[in-house]
Amino acid sequence: MKKNFLLQFGILILSCVLISSCGTQKEAIDISEEEKEVFVSSDEEPVEIKDEESEYEIIIIEPGFNAWLLSIARPEGYYSQQFMENRNMLYVMEWNRRVLQPNQFNPNLYEMQINYEQGIDYGYEVNYKLYNYFIYFQRKYNQRLGPYIPRI
């Protein structure tokens, strides 16, 4: 009887340990001093995102984004268009979900929905700048728009 109790107790403890170790852990984002300086800069130069061929355009007026894009972000050509399209689709879906829930998410951060549809070729430049805006936004405001850590 005592052996059976100890065996059941051992299995219960082992199960608890396994379950607790399976929980997701938020990894801290490492932000350099240079990046922190860009985040607090007052540079409000708008970033125009457009593709001449597809005629799609987005204008981002976010203090520091242009400086961040030029000094911190990976250069154009680093990511494939397909990689950025896949990430942008996930980020846009989560962004739009948050826009529709102003009681749960800060409406000052999530002001407008983004019209980005799967299957439309927005071109490399649009995808590049949109993807990098999402990385910038997540890093600056300590947000997580998807399962990926917003790394540079």
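To keep things clear, this report deals only with the structure shown in the data block. Because the structure is a prediction, the values reported are computed rather than measured. (Residues numbered from 1 in each chain as written. Predicted model: local features only at pLDDT ≥ 70, side-chain atom pairs only at ≥ 80, totals over all residues. Heavy atoms only, no water.)

## So, the nonpolar core
Line of reasoning, step 1. Formed by 33 residues in total, the largest nonpolar core has its most connected members in Phe65, Trp68, Trp95 and Tyr110.
Line of reasoning, step 2. Breaking this core down by element, the ones donating at least two residues are α2 (33-39), β1 (47-51), α3 (65-71), α4 (81-99) and α5 (124-141).
Line of reasoning, step 3. When residues of this core are assigned to their parent elements, the largest contribution, 9 residues, is made by α5.
Line of reasoning, step 4. Setting aside residues up to four positions removed in sequence, tryptophan 68 forms contacts with Glu35, Val38, Phe39, Ala73, Asn132, Ile135, Tyr136, Arg139 and Ile152. (Core = buried A, V, L, I, M, F, W, Y, C linked by side-chain atoms within 4.5 Å. Buried < 20%, exposed > 50% of the residue type's maximum accessible area, 1.4 Å probe, protein only. Helix = DSSP H or I, 4+ residues; strand = E, 2+ residues; numbered from the N terminus. Contact = heavy atoms within 4.5 Å.)

## Examining the packing of aromatic side chains
Line of reasoning, step 1. Throughout the structure, instances matching the rule amount to 23 aromatic pairs.
Line of reasoning, step 2. On the basis of an interplanar angle of 20° and a centroid distance of 4.7 Å, the ring pair of tyrosine 116 and tyrosine 122 is categorised as stacked.
Line of reasoning, step 3. Residue tyrosine 116 is classed as buried on the basis of its relative accessible area, which comes to 8%.
Line of reasoning, step 4. Residue tyrosine 122 is classed as buried on the basis of its relative accessible area, which comes to 4%.
Line of reasoning, step 5. Ring geometry for tyrosine 133 versus phenylalanine 134: centroids 6.5 Å apart, planes at 50°, classification tilted. Residue tyrosine 133 shares its accessibility class with phenylalanine 134, and that shared class is buried.
Line of reasoning, step 6. Geometry around tyrosine 148 places arginine 87 over its ring, the cationic atom sitting 3.5 Å from the centre. (Phe/Tyr/Trp six-rings, centres within 6.5 Å; stacked < 30°, edge-to-face > 60°. Lys NZ or Arg CZ within 6 Å of the ring centre and 35° of its normal.)

## Observations regarding α4
Line of reasoning, step 1. In this model, α4 (19 residues) spans 26 Å end to end at C-alpha, consistent with the 27 Å of a helix rising 1.5 Å per residue.
Line of reasoning, step 2. Burial in α4 covers these residues: Met84, Arg87, Asn88, Met89, Tyr91, Val92, Glu94, Trp95, Asn96, Arg98 and Val99.
Line of reasoning, step 3. Looking at the buried side of α4, the elements it contacts are α5. (Expected span 1.5 Å × (residues − 1).)

## Side note on the pattern of salt bridges
Line of reasoning, step 1. In the structure shown here, the tally under the stated rule is 6 salt bridges.
Line of reasoning, step 2. Note that glutamate 94 is salt-bridged to arginine 98, the shortest N-O span being 2.7 Å. Pair noted here: glutamate 94 and arginine 98 are both in helix α4, with a separation of 4 residues, about one helical turn.
Line of reasoning, step 3. Take arginine 98: its relative accessible area is 9%, and that puts it in the buried class.
Line of reasoning, step 4. Several salt bridges converge on common partners, so that one network encompasses Glu94, Arg97 and Arg98. (Salt bridge = Lys/Arg side-chain N within 4 Å of Asp/Glu carboxyl O.)

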